[in-house]
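Inside the fold
Given next are the chains, with one letter for each unit.
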Amino acid sequence: MNQHIDMKNEPVRPLSMHPQRFALWLFIVSIVMIFAAMTSAYIVKKSDGDWVDIILPQSFWLNTIVLVASSVTMHMAYIAAKRNNLNLVKIAMTITTILGLSFLVGQYVSWGELAAMDVHFEGKPAGSFIYVFTGLHGFHLISGVVFLIIVLVATFRFKVHSKSMNLIGMCATYWHFLDGLWVYLFIFLLLNH
Amino acid sequence: MATEHQLEGNGVSHDDHDHDHDHHQSFVSKYIFSTDHKTIAKQFLITGIFWAIIGGAMSIIFRLQLGFPNSNVGWLKPLLGQWITEEGKIDPEFYLALVTMHGTIMVFFVLTAGLSGTFSNFLIPLQVGARDMASGFMNMLSYWFFFLSSVIMMSSLFIQTGPASGSWVVYPPLSALPQAMKGSELGMTLWLVSMAIFIVSSLLGGINYITTVINLRTKGMTFSKLPLTIWAFFLTAVIGLLSFPVLFSAALLLVFDRSFGTSFYLSDIYIGGEALPNTGGSALLFQHLFWFLGHPEVYIVLLPALGITSEIIATNSRKPIFGYRAMVGSLFGISILSFVVWAHHMFVTGMNPFLGSIFMFLTLIIAVPSAVKVFNYITTLWKGNIVFTPGMLFSIGLVSLFISGGVTGIYLGNSAIDIQLHDTYFVVAHFHLVMGSASFFGMVAGVYHWFPKMFGRMMDEKLGYVHFWFTFVGVYLVFFPMHYIGIAGFPRRYYSFTNFDAFQSFTDLNMFVSVAAIITFGAQFIFLFNFFYSMFKGRRATLNPWKSNTLEWTTPINPGHGNWPGEIPAVYRWPYDYSKPGAEDDFIPQHIPFSATPESNLPHENELIAEEKEEEGIVVDETKES
Ligand code: HEM
Ligand SMILES: [Cu+2]
């Protein structure tokens, strides 16, 4: 008694953006809101008084350069995929992943630097906030690295090429976003510490 | 009846080998780990109902304490164990746990997950003309995260030190210091974990709702033809997407304060004469973060109910909704304004009076779009051919509650008056009418109205009427007197008031409220019986029992996964063509082209016929048996 459904051509979709890409953008919006809340909390707390000035670890500068560089290689990978230069995609994606991981290591090192300056997670909020910003960003960056690895594996399976750009496109968007987010946090801390 | 349908993608031709796996869906993949938005909606509904019973029962227990402070409730001992003292009294700390859990459960688990989760899931794909949500898998995850968060919250009720007790707003330092009260020990940790998971669930759901509305509308379904339900669900999801992450941040910092020794919210606290090590934090910071979510949250709870009401009132008045654009505009207005009024919950925290005035001004502006909506509901009803279905009665009830609760909002929004009324029963009365009862009415109205689409059967009308009158009269009897108690100055969340001379004269009124609450709660079991009985034994539904215009009624009575056998209907007109002059029937569904209704078309609609031709008539092929 089963009814077979003939699905004729579906009516045309009103918007051509891929739903997954769109969902990714919404996900990014929610991350933006988390950090908007955090940085506003920082400002509110700071204007409240009882604040201590903290010198930011030097390694933040190096880490920032590493992360920005990884965005460049990510973009190279994307362009290469568009041009079907799969070898370059593999190389650029690998470099991006390595740079991403080194950024994480670098952030860990900067925690050590902070601790050496006697700024700990416990204690006054001024210091704790730096740990929360970097930690929360690092946590999201780990998810970004996982995404990079997924794309890398897909590349080796020939699933990334000029006709199949969705995955790598989403990965690039997310990665550039995480990069931009860190630059924002860093500048924010530079201006407001 | 065939209820399972084989799904195929765009223009993929039939391939007999692929057919079978879908027909023999196992019980697990069909009812438990289902990716069908309709099943997920029902899962949310049932879980929501379950929580509503728990949350409601809790309120009855603390109403017993308030209404009959001297009575012996020893008979509850088998259920509550040591939460009942030797003398047969409710333990004061347990009282606080009850109010806290009641608030948390009702606001988040029933009226957010139970309401949005049920109706956004169920109606968005059906009303915009989509086969399912953008991502069925994410949608399934959304439910199971909600389930997990429910299990954790539930388990906190059974631990030695009891659940969180610092009220649903969990203000630190009370909630941050385990020494402060029993509920701030393990119970509070579980509360935070549960809420964090809850937020993940809401975000997963919300992202799906927004994506589906934007990307998966059927042909012809422009934004100006969207039913108001969809507009409301859509904006609710947007508000949630912007505000829940903020609660997440607030909760995260609280977790750090509680368990990792930070001091974001803590400073200069002395316990037993000894200073705590925490310095430099600010408890008000939490309130800002919390209410930045908290106020939008009240609209997350209300907007879906308003959307449901718009649809039901238009359908059952047999009239086009009055002021469609104004309705959409005020939904936008409310959504935007809801983000800039949070500090009206903090008027008495010592904020700068000038800042207070700004927030007062912004708060009072919200009354404008709210009034527009009320006005439009009433004008839609005006001179309509009203059909009093139970769903319609509850929708009209919502309008009434929205007015009487909204008016007191305007009082509270004035900072000078709020200094007197803040944290009294006046606030309790305000938000239980405007949020609690109104949204609850919207939810129940939705269940009565879409029950035929959910279960293929009708709910019993007579029981529905009885349920309505008990509930409608009941909530007014419960919450109206609270205004007086509040004006007299009685603070919320107090265990006992009999020690204060000033409040002696309210003993009778409190008793009255408690009796009314018990009766109203009892009346909900009529609904429960009706719900479960009709699910199996109700009268069979027809295709379009309410003669409604929206797309969900073009699906088979029991739609399978994929919703429409054959092609998805295209949409030609707005969803409110009721009682159009000249038309044969008093309703013209959205998928009927103008070329089919020359007798009722307006001049500019006749011009659209040419465009329809261009886009080619669409054949709806629903019953092709093989
Ligand atoms: C005319 C529009 C409204 C205005 C001007 C208004 C104003 C206010 C104000 C000033 C307060 C704070 C009172 C206090 O704590 O001292 C308040 C509390 C509250 N309002 Fe409204 N409100 C309005 C509509 C609504 C709506 C539509 C909802 C829900 C759907 C709502 C839900 C709440 C809740 C839940 C609280 C209490 C929260 C708590 O302290 O636990 N209000 N309202
Ligand atoms: Cu508010």
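Residues numbered from 1 in each chain as written. Chains lettered and ligands numbered in written order. Predicted model: local features only at pLDDT ≥ 70, side-chain atom pairs only at ≥ 80, totals over all residues. Heavy atoms only, no water.

**A closer look at the coordination of the copper ion (ligand 2)**
Residues and elements named next belong to chain B.
- Donor atoms from the polypeptide that bind the copper ion (ligand 2) are His295 (ND1), His344 (NE2) and His345 (NE2), placed at 1.9 to 2.0 Å.
- Between the copper ion (ligand 2) and the iron atom of ligand 1 there is a metal-metal distance of 4.6 Å. A residue pair is termed long-range when its members are at least 10 positions apart, and histidine 295 in helix H9 (residues 283–317) and histidine 345 in the loop between helix H10 (324–337) and helix H11 (353–381) qualify at 50 residues. (Donors = N, O, S within 2.8 Å, 3.2 Å for Na, K, Ca; no water. Helix = DSSP H or I, 4+ residues; strand = E, 2+ residues; numbered from the N terminus.)

**Points about the site of ligand 1**
All names here are of chain B.
- Taken together, 22 residues sit near ligand 1, with Trp168, Asp418, His422, His430 and Arg492 positioned nearest.
- A distance of 2.6 Å separates an oxygen atom of ligand 1 from a polar atom in the side chain of histidine 422.
- Judged by the proximity of its atoms to the pocket grid, ligand 1 belongs to the second largest pocket.
- Those elements that provide at least two residues to the shell around ligand 1 are H9, helix H12 (390–413) and helix H14 (425–455).
- Per-element accounting of the shell around ligand 1 gives the leading share, six residues, to H12.
- Taken together, the residues of the shell around ligand 1 break down into twelve nonpolar, eight polar and two charged. (Near = heavy atom within 4 Å. Polar contact = N/O pair within 3.5 Å; in protein donor to acceptor, adjacent residues only side chain to side chain. 1 Å grid on protein atoms, 1.4 Å probe; cavity = no way out; pocket = protein on both sides within 12 Å on 5 of 7 lines; lining within 4 Å. Sits in = over half its atoms within 2 Å of the grid points. Nonpolar A, V, L, I, M, F, W, Y, C, P; charged D, E, K, R; others polar.)

**Quick word on the nonpolar core**
- Core analysis: the biggest nonpolar cluster contains 251 residues, and Ile168 of chain A together with Phe108, Phe119 and Phe531 of chain B have the highest contact counts within it.
- Of the residues forming this core, the biggest block, 21 residues, is contributed by helix H5 (residues 92–128) of chain B.
- Setting aside its immediate chain neighbours within four residues, phenylalanine 119 of chain B contacts Ile124, Phe233, Ile308, Met443, Gly446, Val447, Trp450 and Met454 of chain B. (Core = buried A, V, L, I, M, F, W, Y, C linked by side-chain atoms within 4.5 Å. Buried < 20%, exposed > 50% of the residue type's maximum accessible area, 1.4 Å probe, protein only. Contact = heavy atoms within 4.5 Å.)

**What to know about the layout of surface pockets**
- Its volume calculated, the largest pocket comes out at about 1,500 Å³.
- What lines the largest pocket is a set of 46 residues, and nearest its centre among them are Phe27, Ile31, His140, Ser143 and Tyr174 of chain A.
- Breaking the lining of the largest pocket down by element, the ones donating at least two residues are helix H1 (19–47), helix H4 (125–156) and helix H5 (166–192) of chain A together with helix H6 (136–155), helix H7 (186–215) and helix H8 (228–259) of chain B.
- Among the elements that take part in the lining of the largest pocket, H4 of chain A stands out by supplying ten residues, more than any other.
- Looking at the lining of the largest pocket residue by residue, the class counts come to 36 nonpolar, ten polar and no charged.
- Within this model, the second largest pocket holds a volume of roughly 1,200 Å³.
- Contributing to the lining of the second largest pocket are 49 residues, with His344, His345, Leu412, His430 and Phe431 of chain B lying nearest its centre.
- Those elements giving two or more residues to the lining of the second largest pocket turn out to be H5, H9, H11, H12 and H14 of chain B.
- By residue number, the principal contributor to the lining of the second largest pocket is H12 of chain B, which donates nine residues.
- Residues belonging to the lining of the second largest pocket are distributed by class as follows: 28 nonpolar, 17 polar and four charged. (Points joined across faces, edges and corners; volume = space filled by probe spheres on them.)

**Let's talk about the UniProt feature "domain: Heme-copper oxidase subunit III family profile" (unreviewed entry) in chain A**
- Under the present numbering, the feature "domain: Heme-copper oxidase subunit III family profile" (unreviewed entry) in UniProt falls on residues 21–193 of chain A.
- Counting secondary structure, residues 21–193 of chain A comes out at 82% helix and 0% strand; the distance between its end C-alpha atoms is 36 Å. (UniProt positions renumbered as here; feature names shortened; annotations may be inferred.)

**A word on the packing of aromatic side chains**
- A full pass over the atoms with the stated rule returns 78 aromatic pairs over all chains.
- When the centroid spacing of 5.8 Å and the interplanar angle of 50° are considered together, the rings of phenylalanine 129 of chain A and phenylalanine 133 of chain A count as tilted. Placement of the pair is phenylalanine 129 of chain A and phenylalanine 133 of chain A together in helix H4, with a separation of four residues, close to one helical turn. Take phenylalanine 129 of chain A and phenylalanine 133 of chain A: they sit in the same class, and that class is buried.
- Residues tyrosine 95 of chain B and tyrosine 495 of chain B carry aromatic rings whose centres are separated by 5.6 Å and whose planes lie at 75° to one another, so their mutual orientation is edge-to-face. Taken together, the residues tyrosine 95 of chain B in helix H5 and tyrosine 495 of chain B in the loop between helix H15 (461–487) and helix H16 (507–537) connect sequence positions 400 residues apart.
- Since its relative accessible area comes to 1%, tyrosine 95 of chain B is described here as buried. (Phe/Tyr/Trp six-rings, centres within 6.5 Å; stacked < 30°, edge-to-face > 60°.)

**Some points on the coordination of the iron atom of ligand 1**
- Protein coordination of the iron atom of ligand 1 is limited to a single donor, His430 of chain B (NE2), positioned at 2.1 Å.
- Relative to the helices and strands, histidine 430 of chain B resides in helix H14.

**Here we look at the environment of glycine 127 of chain A**
Residue and element names in this part refer to chain A.
- Its location among the elements puts glycine 127 in helix H4.
- With a relative accessible area of 3%, glycine 127 lands in the buried category.
- As a C-alpha pair, glycine 127 and leucine 104 span 23 residues in sequence and 19 Å in three-dimensional space.
- Setting aside residues up to four positions removed in sequence, glycine 127 forms contacts with Ile54, Val119 and His120.

**Points about the pattern of salt bridges**
Residue and element names in this part refer to chain B.
- The tally for this structure, following the rule as stated, stands at eight salt bridges over all chains.
- Note that arginine 318 is salt-bridged to aspartate 586, the shortest N-O span being 2.9 Å. Of this pair, arginine 318 sits in the loop between H9 and H10 while aspartate 586 sits in the loop between H16 and helix H17 (603–615), and the two are 268 residues apart along the sequence.
- In this structure arginine 318 comes out as buried when scored by relative accessible area, which is 5%.
- Residues joined by salt bridges that share partners form a network here, namely Arg573, Asp577, Lys580 and Glu605. (Salt bridge = Lys/Arg side-chain N within 4 Å of Asp/Glu carboxyl O.)

**Re the packing of H9 of chain B against H10 of chain B**
Residues and elements named next belong to chain B.
- Following both chains from N to C, one finds H9 and H10 inclined at 175°, their axes separated by 11 Å at the closest point. Comparing their axes, H10 and H9 come out roughly antiparallel. Of the residues in H10, those in contact with Tyr299, Leu303 and Ser310 of H9 are Met327, Leu331, Ile334 and Ser335.
- The residue makeup of the contact of H9 with H10, split by class, is five nonpolar, two polar and no charged. (Axes fitted to C-alpha atoms, helices over the stretch in contact; angles between N-to-C directions. Parallel < 35°, antiparallel > 145°, perpendicular 65-115°, else oblique.)

**Notes on the UniProt feature "domain: Cytochrome oxidase subunit I profile" (unreviewed entry) in chain B**
- What UniProt calls "domain: Cytochrome oxidase subunit I profile" (unreviewed entry) maps, in this numbering, to residues 27–596 of chain B.
- Structurally, residues 27–596 of chain B is divided into 63% helix and 1% strand, and its ends, taken at the C-alpha atoms, are 43 Å apart.

**Regarding the UniProt feature "transmembrane region" (unreviewed entry) in chain A**
Residues and elements named next belong to chain A.
- Here, the residues flagged by UniProt with the feature "transmembrane region" (unreviewed entry) are residues 22–44, 60–81, 88–109, 129–155 and 167–191.
- Strand forms 0% of residues 129–155 and helix 100%; the C-alpha atoms that close the span are 38 Å apart.
- End-to-end, the C-alpha atoms of residues 167–191 are 36 Å apart, and along that stretch the chain is 100% helix and 0% strand.

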